[in-house]
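Single-letter residue listing:
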Amino acid sequence: VQLQASGGGLVQAGGSLRLSCAASGRTFSSYAMGWFRQAPGKEREFVAAISWSGGGTYYADSVKGRFTISRDNAKNTVYLQMNSLKPEDTAVYYCAASQVRWITTREADFPSWGQGTLVTVSS
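Residues numbered from 1 in each chain as written. Predicted model: local features only at pLDDT ≥ 70, side-chain atom pairs only at ≥ 80, totals over all residues. Heavy atoms only, no water.

Details of the pattern of salt bridges
- For the coordinates displayed, the defined rule picks out six salt bridges.
- Notably, a salt bridge pairs R37 with E45, separated by 2.7 Å at the nearest N-O pair.
- Residue class for R37 comes out buried when judged on its relative accessible area of 6%.
- The shortest N-O distance in the salt bridge between R37 and D89 comes to 2.9 Å. Of this pair, R37 sits in strand β4 (residues 33-38) while D89 sits in the loop between β8 (77-82) and β9 (91-97), placing them 52 residues apart in sequence. Exposure class is identical for R37 and D89. Each is buried.
- Taken together, the salt bridges that share partners define one network made up of R37, E45, R66 and D89. (Salt bridge = Lys/Arg side-chain N within 4 Å of Asp/Glu carboxyl O. Buried < 20%, exposed > 50% of the residue type's maximum accessible area, 1.4 Å probe, protein only. Helix = DSSP H or I, 4+ residues; strand = E, 2+ residues; numbered from the N terminus.)

Have a look at this one:
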């Protein structure tokens, strides 16, 4: 599956951004999706995941209550709504397609990755 992420940019602390990830090449509704991020000088980390139907979601503690993951299977797109952004949210954000239908947070369960979109939060 091919993934194309978009929506990153520069935003002030407390602001919002909505990331999108368009998928093609495989039945989108058959697998879970996830968002990960990599801050400068740090390892890539899990941010959020959503099950194949959208009925289940899971978040990293650092973004819980501020970020919302959703998907539109008719549009083959997954979203990450990011509110109350903090400077520590600055990172390249990657969407990823899982090989399983249910939620997983393990990078090894995501064989397909988008190119990443940069989010910069200024203080």
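Some words on the sheet that holds β8
- Taken in spatial order, the four strands line up as β1-β3-β8-β7 in an open sheet, and their pairing is antiparallel. Of all the strands in the sheet, just β1 (2-6) and β7 (67-72) have a single pairing partner and so form its edges. Averaged over all pairs of adjacent strands, the angle between strand axes in this sheet comes to 15°, irrespective of strand direction.
- Pairing of β7 with β8 involves six bridges; the strand directions are antiparallel. From the neighbouring strand, D72 faces β8, where its bridge partner is T77. (Pairing = 2+ DSSP bridges. Axes fitted to C-alpha atoms, helices over the stretch in contact; angles between N-to-C directions.)

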